[in-house]
Amino acid sequence: MGRFIEHLDFLSIYQWLTGAFIRVSFLLFLSLEVLSIKKPLNKTILLIAYLVMLIVSNSFSFSDVILYYIIKTIVLPVTFWFFLAFSIL
């Protein structure tokens, strides 16, 4: 039985990658729905803009300390103020 179980490690990596793909796809779908974009050309342009942003953001590599600093000083405050303004509206 041990020789069959040791070959199933790829399933955990597959599950992790599939979950990440589904989350990103769902975020893109929801962003198009929330913005209520009707024209297919505008949807395509927005999706291409998302694609460019994802490629550019993934091309930079940061150390853990720098990434923590960016999250602490930029991402969390911007997220807080965005959701606060969104909930007030």
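Reading the values: rules and limits
- Every chain's residues receive numbers from 1 upward, in the order its sequence appears when written.
- It should be noted that, the model being predicted, local features are given only for residues of pLDDT at least 70 and side-chain atom pairs only at 80 or more, the latter also being counted only at that level, while totals for whole chains, interfaces and linings use all residues.
- Working from all heavy atoms in the structure, the side-chain values ignore hydrogens and water.
- Secondary structure elements follow DSSP: runs of H or I of four or more residues count as helices, runs of E of two or more count as strands, with numbering from the N terminus.
- Based on C-alpha atoms, the radius of gyration is set beside the globule rule, defined as 2.2 Å times the residue count to the power 0.38.
- Between buried and exposed lies partly exposed: a residue is buried under 20% and exposed over 50% of the maximum accessible area for its type, with that area taken using a 1.4 Å probe on protein chains only.
- The Shrake-Rupley method, run with a 1.4 Å probe sphere, supplies the accessible areas, and residue values consider only the shown protein chains as cover.
- Neither His nor the chain termini are counted; the positive set is Lys and Arg, and the negative set is Asp and Glu.
- To locate a charge, take atom NZ for lysine, CZ for arginine, CG for aspartate or CD for glutamate.
- Between rings of Phe, Tyr and Trp, where Trp is taken as its six-membered ring, a pair exists when centres lie within 6.5 Å; planes separated by under 30 degrees are stacked, by over 60 edge-to-face, and by other angles tilted.
- Patch criteria: residues need more than 30% relative accessible area and no salt bridge. Like-charged residues are merged within 9 Å; nonpolar side chains of Val, Leu, Ile, Met, Phe, Trp and Tyr are merged within 5 Å.
- Here a salt bridge means any side-chain nitrogen of Lys or Arg lying within 4 Å of a carboxyl oxygen belonging to Asp or Glu.
- The pLDDT value expresses, per residue, how confident the predictor is, ranging between 0 and 100.

**Q** An account of the overall build of the protein chain is needed here, citing residue identities and associated values.
**A** Across its full length, the protein chain holds four helices and zero strands. For the protein chain, the α and β elements follow one another from N to C terminus as α-α-α-α. On C-alpha atoms alone, the protein chain measures out to a radius of gyration of 19 Å, which is more than a quarter above the 12 Å that the 2.2 N^0.38 rule sets for 89 residues. Counting only C-alpha atoms, the protein chain reaches 60 × 40 × 30 Å along its principal axes. A buried classification covers 7% of the 89 residues belonging to the protein chain. When the accessible surface of the protein chain is summed, it comes to about 8,400 Å², and 76% of that surface belongs to carbon and sulfur atoms. Both charge centroids of the protein chain, one from 6 positive and one from 4 negative side chains, sit 17 Å from each other.

**Q** How would you summarise the packing of aromatic side chains if you had to cite specific residues and measurements?
**A** The description of an aromatic ring pair rests on the distance of the ring centres and on the angle between the ring planes. Taken as a whole and assessed by the stated rule, the structure comprises three aromatic pairs. Seen from their ring centres, Phe82 and Phe83 are 5.2 Å apart, and the 70° between their planes marks the pair as edge-to-face. Here Phe83 falls in the partly exposed class, since its relative accessible area comes to 49%. Taken together, a centroid distance of 5.9 Å and an interplanar angle of 15° make the contact between Phe82 and Phe86 stacked. Residue Phe82 and its partner Phe86 are located together in helix α4 (residues 64-88), separated by four residues, close to a single helical turn. One aromatic cluster in this structure is built from Phe82, Phe83 and Phe86.

**Q** Outline a nonpolar patch on the surface, supporting the account with residue identities and numerical values.
**A** A cluster of nonpolar side chains, namely Ile48, Val52, Val56, Phe60, Phe62, Ile66, Leu67, Ile71, Ile74, Val75, Leu76 and Val78, defines an oily patch on the protein surface of about 1,100 Å² accessible area. Secondary-structure elements contributing two or more residues to the nonpolar patch are α3 (40-59) and α4. Among the elements that take part in the nonpolar patch, α4 stands out by supplying seven residues, more than any other. Overall, the relative accessible area of 52% leaves Phe60 in the exposed class.

**Q** How would you sum up the confidence of the model for the protein chain? Please name residues and give values.
**A** In this model, the protein chain carries an average pLDDT of 87, and 91% of its residues clear a pLDDT of 70 or more. Here helix α1 (residues 2-5) stands out as the least confident element of the protein chain, with mean pLDDT 62; α4 is the most confident, with 93.

**Q** If you had to explain unusual backbone geometry to someone new, which residues and values would you point to?
**A** Although it is not a glycine, Ser36 adopts a positive phi angle of roughly 55°. Ser36 sits in the partly exposed class, given a relative accessible area of 46%.

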